[in-house]
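Examining the three-dimensional arrangement
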Amino acid sequence: MSNGSPIIRIENVHKRFGKLHALRGVSLNVERGQVLVIIGPSGSGKSTLLRCINGLEIPEEGRVTVDDIPVTHSAANINAVRAEVGIVFQQFNLFPHLTVLQNVTLSQQVVRKRTPVESQRIARELLSKVGIPEKAGAYPAQLSGGQQQRVAIARALAMNPKIMLFDEPTSALDPEMIKEVLDAMLVLAQEGMTMVVVSHEMGFARAAANRVIFMDEGTVVEDGAPEQMFTHARGERMKQFMSKILY
Amino acid sequence: MIGMRGKFFHMPDIELLPPDNRPSRDIAGKALALSGVSNLPAWAVIILIAGLIAAAVIVTNAEYTSILLILSSGIALTLYVTFFAYTLALIFGLVAGLMRVSRNPILYTIATLYVEVIRGIPLLVLILYFFFVIAPFLANSVPDQFAFVFRDEALEGIIALSVGYGAYLAEVYRAGIESIPRGQMEAARSLGMSYPSAMRYVILPQAIRTVLPPLGNDFISLLKDSALVSAISVKELTLWTRQRSANTFKPLEHWTIAAILYLVMTLGLSVVVRYLERRYAIPK
């Protein structure tokens, strides 16, 4: 548990889906408190890499270690890792049959065995933190996309994760709702949360990230600080990619 | 089909017509007018009116009244068989449905065999097979204190019906579970929930809401199929009606009353199912 060692260690990871070779030997260390943004064209393996960190995908080759726990098919290991890693999805994936408050309390009660009173207190604190305390009694379908995504962030935080993963958290949102979600993420980053974010929000990367990696065809192509990456992309592929996404 | 509907079933919007122009000459028209003011669908109004007429005939005719009272005693057994068979079928179906979506090949294979074999045998044959072949064997092989289960026709009927309906319900549950987006299971597992917890708290509550209409449908079907246990001499409504009608030489009166009694029960269930659907609807 020494503070010096990387909290996420990814060593030579390969992942295949049938014929598709999604990850081709990715190695990556993430330090505690680091905010890492992963960019790259669609199909480059960004989401797959992210999903390998909390065991939603298990690589065929290579090793993933989170806080010294190897992420393998072992159920005990996966549950231990998931208890430390929160994830926010592009499609929010809130539980539609539960209220906002119940969405945030459910796993606290089922997994952490907290009492209803305690879990509700924590849930209300977190809903205030993401700026929607008044929506506790609403159902997900009654919220805007931005509000749903902020509930999803609160739901993940309720498990007290050491690491937060974000899989294109703003890609399914209307433009005017992107900022409220990024603001909530920025607060987390400033509090020192270790974060791995798959996103093309350059503004967020500039404001919050201390490291950006560019992935293409299942490998990490470039790796550096945000300013340096965006202004002085070295490789041809990254230059091409940047010229396509920057208008 | 759309043309057909338009031609034969298009009804003017009652609310928009002045009262004088509302169709009121025939029963359908009256029903429609009533449905316009009472918020009930037209078919419900027709059934309601027909029911009231039938009730009036039965109450004012001494013979029908006495037949109704006599046949009513068969209802208790019909409901007893239906409710217990359905409860058991819900349990069998849930277990088999969960096994059908399991990644464990052994569980999947067992459940699939159960569904495919049972679903392919007529319910009546299933009931007779259980009654004549399996139950006598079990009655002799289980400990004596449990043997009564396999010597009581009603319990045998309940078991056979529930095994048969369990196979149908397994497919209903499976369809419901598979209709829930993958992201729900991923989100639940990512929050640290085990597979059983995720099923229990996240997937099944949504899946069961989705399949409430087919579950209700099968409940109503089962109530009607409970008539099949008359074949193994369970004196429920159908067998009782048959005996009374044979003894009195009055098939028209007896079978009419029996049909009405079944209809009252199934319509009642239909109302309950609709209520449950509304009660547990996810707020939008």
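Report on the accompanying structure. (Residues numbered from 1 in each chain as written. Chains lettered and ligands numbered in written order. Predicted model: local features only at pLDDT ≥ 70, side-chain atom pairs only at ≥ 80, totals over all residues. Heavy atoms only, no water.)

Another aspect to go through is the overall build of chain A. Along chain A, the regular secondary structure elements total nine helices and 10 strands. Compactness check: chain A gives a C-alpha radius of gyration of 18 Å against a globular reference of 18 Å for 247 residues, within 12% of the reference. For chain A, the spread of C-alpha atoms along the three principal axes comes to 55 × 45 × 40 Å. For chain A, buried positions account for 57% of its 247 residues. By sequence separation, contacts in chain A at least 24 residues apart represent 65% of the contacts at least 6 residues apart. Looking at chain A as shown, the accessible area adds up to about 10400 Å², and 50% of this sits on carbon and sulfur atoms. Averaging the coordinates of the 27 positive side-chain charges in chain A and doing the same for the 25 negative ones gives two points 4 Å apart. (Helix = DSSP H or I, 4+ residues; strand = E, 2+ residues; numbered from the N terminus. Rg over C-alpha atoms; globule rule 2.2 N^0.38 Å. Buried < 20%, exposed > 50% of the residue type's maximum accessible area, 1.4 Å probe, protein only. Contact = heavy atoms within 4.5 Å. Areas by Shrake-Rupley, 256 points an atom, 1.4 Å probe, with all protein chains shown as cover. Lys, Arg positive; Asp, Glu negative; His and termini not counted. Charge placed at Lys NZ, Arg CZ, Asp CG, Glu CD.)

Think of an α-helix as 3.6 residues a turn; residues three or four steps apart then line up on the same face. All names here are of chain A. Its 14 residues place the ends of helix H4 (residues 116-129) 20 Å apart at the C-alpha level, agreeing with the 20 Å of an ideal helix rising 1.5 Å per residue. For H4, the set of buried residues is Ser119, Ile122, Ala123, Leu126 and Leu127. End-on view of H4: buried residues confined to an arc of 135 degrees, all on one side of the axis. The secondary structure elements touched by the buried residues of H4 are helix H3 (100-110) and helix H5 (145-157). Two residues or fewer past H4, Gly131 is found with a positive phi of approximately 85 degrees. (Expected span 1.5 Å × (residues − 1). Arc of directions from axis to C-beta.)

Turning our eyes to something else, we now look at the pattern of salt bridges. For the coordinates displayed, the defined rule picks out 24 salt bridges over all chains. The residue Arg121(A) makes a salt bridge to Glu125(A) at a minimum N-O spacing of 3.0 Å. Here Glu125(A) and Arg121(A) lie together in helix H4, a separation of four residues that amounts to about one turn. Judged by its relative accessible area of 44%, Arg121(A) falls in the partly exposed class. With a relative accessible area of 46%, Glu125(A) lands in the partly exposed category. Because the salt bridges share partners, they merge into one network encompassing Arg100(B), Glu116(B), Arg119(B), Glu171(B), Arg174(B) and Glu178(B). (Salt bridge = Lys/Arg side-chain N within 4 Å of Asp/Glu carboxyl O.)

Turning our attention to the interface of chain A and chain B. Across the contact, 23 residues belong to chain A and 20 residues belong to chain B. Buried surface at the junction of chain A and chain B, both sides included, amounts to about 1900 Å², of which 65% is carbon and sulfur. Contact with chain B buries surface across chain A, with Arg82(A), Phe95(A) and His97(A) losing the most and accounting together for 29% of the total. Summed over the shared surface of chain A and chain B, the number is one salt bridge. (Buried area = accessible area lost by both parts, 1.4 Å probe.)

What follows concerns empty space enclosed by the protein. One pass over the structure, following the stated rule, counts two cavities of 30 Å³ or more. Computed from the structure, the largest cavity encloses a volume of approximately 40 Å³. Taken together, Gly86(A), Ile87(A), Phe89(A), Ala152(A), Arg155(A), Ala156(A), Ala187(B), Ser190(B) and Leu191(B) make up the full set of residues lining the largest cavity. Counting only elements with at least two residues in the lining of the largest cavity, the list comes to strand E6 (85-88) and H5 of chain A together with helix H9 (182-190) of chain B. (1 Å grid on protein atoms, 1.4 Å probe; cavity = no way out; pocket = protein on both sides within 12 Å on 5 of 7 lines; lining within 4 Å. Points joined across faces, edges and corners; volume = space filled by probe spheres on them.)

Turning next to the sheet that holds strand E1 (residues 8-17) of chain A. Residues and elements named next belong to chain A. Read across the sheet, four strands follow the order E2-E1-E4-E5 without closing on themselves; strand pairing throughout is antiparallel. The open sheet has two free edges, formed respectively by strand E2 (20-30) and strand E5 (69-70), since each of these has just one partner strand. The pairing of strand E4 (residues 61-66) with E5 spans two bridges and is classified as antiparallel. Within E5, the position partnered with Val66 by the bridge is Ile69. Sitting on the sheet, helix H1 (residues 46-53) is in contact with E1, E2 and E4, with an inclination near 60 degrees to E2. (Pairing = 2+ DSSP bridges. Axes fitted to C-alpha atoms, helices over the stretch in contact; angles between N-to-C directions.)

Turning to helix H5 (residues 105-119) of chain B, a few remarks are in order. Residue and element names in this part refer to chain B. An ideal rise of 1.5 Å per residue puts 21 Å on 15 residues; H5 measures up with 21 Å between its terminal C-alpha atoms. Among the residues making up H5, those that are buried are Ala111, Thr112, Val115 and Ile118. Across the axial projection of H5, the buried residues extend over an arc of 155 degrees, all falling on one side. Those residues of H5 that are exposed and angled more than 90 degrees off the buried face are Pro105, Ile106 and Leu113. Each element contacted by the buried residues of H5 is listed here: helix H4 (62-100), helix H6 (123-141) and helix H8 (153-178). Sitting at the head of H5, Asn104 places a side-chain oxygen 2.8 Å from the backbone nitrogen of Ile106. (Polar contact = N/O pair within 3.5 Å; in protein donor to acceptor, adjacent residues only side chain to side chain.)

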